[in-house]
Amino acid sequence: SDGSFVNYHGDAGIILNIEADHLDYWGDLKQIQQGFLRFIANFKRQESLVWNYDDLLLRELNLKGTSFGFSDQADCFAFNIRESATGILFDIDYQGELFPNVCLNLMGRHNILNALSVFALCKRFKKLPCFSPTNSIPDNPSLAFAIIS
């Protein structure tokens, strides 16, 4: 990264993690964290941030917004994770509201985190167009891109 993401001015954002990437530009992890804080400061509302509670470097920043992850300390967390013939089934707890038997047609815990982040953002804005009444994430190419990118 050349740090250009700090120039983004949006309504909302999702941060999956902070890693020791591009240290040639940033120098160290503290500078990367500062870059993310500058990025977040550009949001119209700080509460529109969705961030990964399981990432220690993000948790150190004491962020506002909605946290997600596998920890039951997150605002939105996945639990009761199990595999099916077509992907992964799990339950979601969003601030005490339960969404059982969510079906994700992808494998891997990282994909659960990606889906949770989108779910949390949708809930934050009180819109869940990406989830059917059965809580299955449909085979929608544009949705799949949003979840896995």
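Notes on the structure follow. (Residues numbered from 1 in each chain as written. Predicted model: local features only at pLDDT ≥ 70, side-chain atom pairs only at ≥ 80, totals over all residues. Heavy atoms only, no water.)

Notes on helix α2 (residues 29-41)
Think of an α-helix as turning once every 3.6 residues; residues three or four places apart then point the same way. How we decide: Note on conventions: DSSP H or I runs of at least 4 residues are helices, E runs of at least 2 residues are strands, and numbering of each starts at the N terminus. To estimate how far a helix should extend, the number of its residues minus one is multiplied by 1.5 Å. For this analysis, residues touch if any pair of their heavy atoms sits within 4.5 Å. Identification of polar contacts relies on pairs of N or O atoms within 3.5 Å, with a donor-acceptor requirement for protein atoms, meaning one able to donate a hydrogen and the other able to accept it, and with residues adjacent in sequence counted only if both atoms are side-chain atoms.
In this model α2 runs 18 Å from its N-terminal to its C-terminal C-alpha over 13 residues, within 8% of the 18 Å that 1.5 Å per residue would give. Residues of α2 that are buried sit in contact with β1 (13-15), α1 (23-26), β2 (49-52) and α3 (56-59). The N-cap residue of α2 is Asp 28: its side-chain oxygen and the backbone nitrogen of Lys 30 are 3.2 Å apart.

Let's talk about the packing of aromatic side chains
Filter applied, for reference: Aromatic contacts are taken between Phe, Tyr and Trp rings whose centres are within 6.5 Å, Trp giving its six-membered ring; a plane angle under 30 degrees counts as stacked, one over 60 as edge-to-face, and the others as tilted. Burial status follows relative accessibility: with a 1.4 Å probe on protein chains alone, a residue under 20% of its type maximum counts as buried, one over 50% as exposed, and anything between as partly exposed.
Applying the stated rule across the entire model yields ten aromatic pairs. Note on Trp 51 and Tyr 53: the rings are 6.0 Å apart at their centroids and 40 degrees apart in plane angle, and the pair reads as tilted. Tyr 53 gets classed as buried once you look at its relative accessible area, which sits at 18%. Ring geometry for Phe 77 versus Phe 79: centroids 5.7 Å apart, planes at 45 degrees, classification tilted. For Phe 77, a relative accessible area of 12% gives the class buried.

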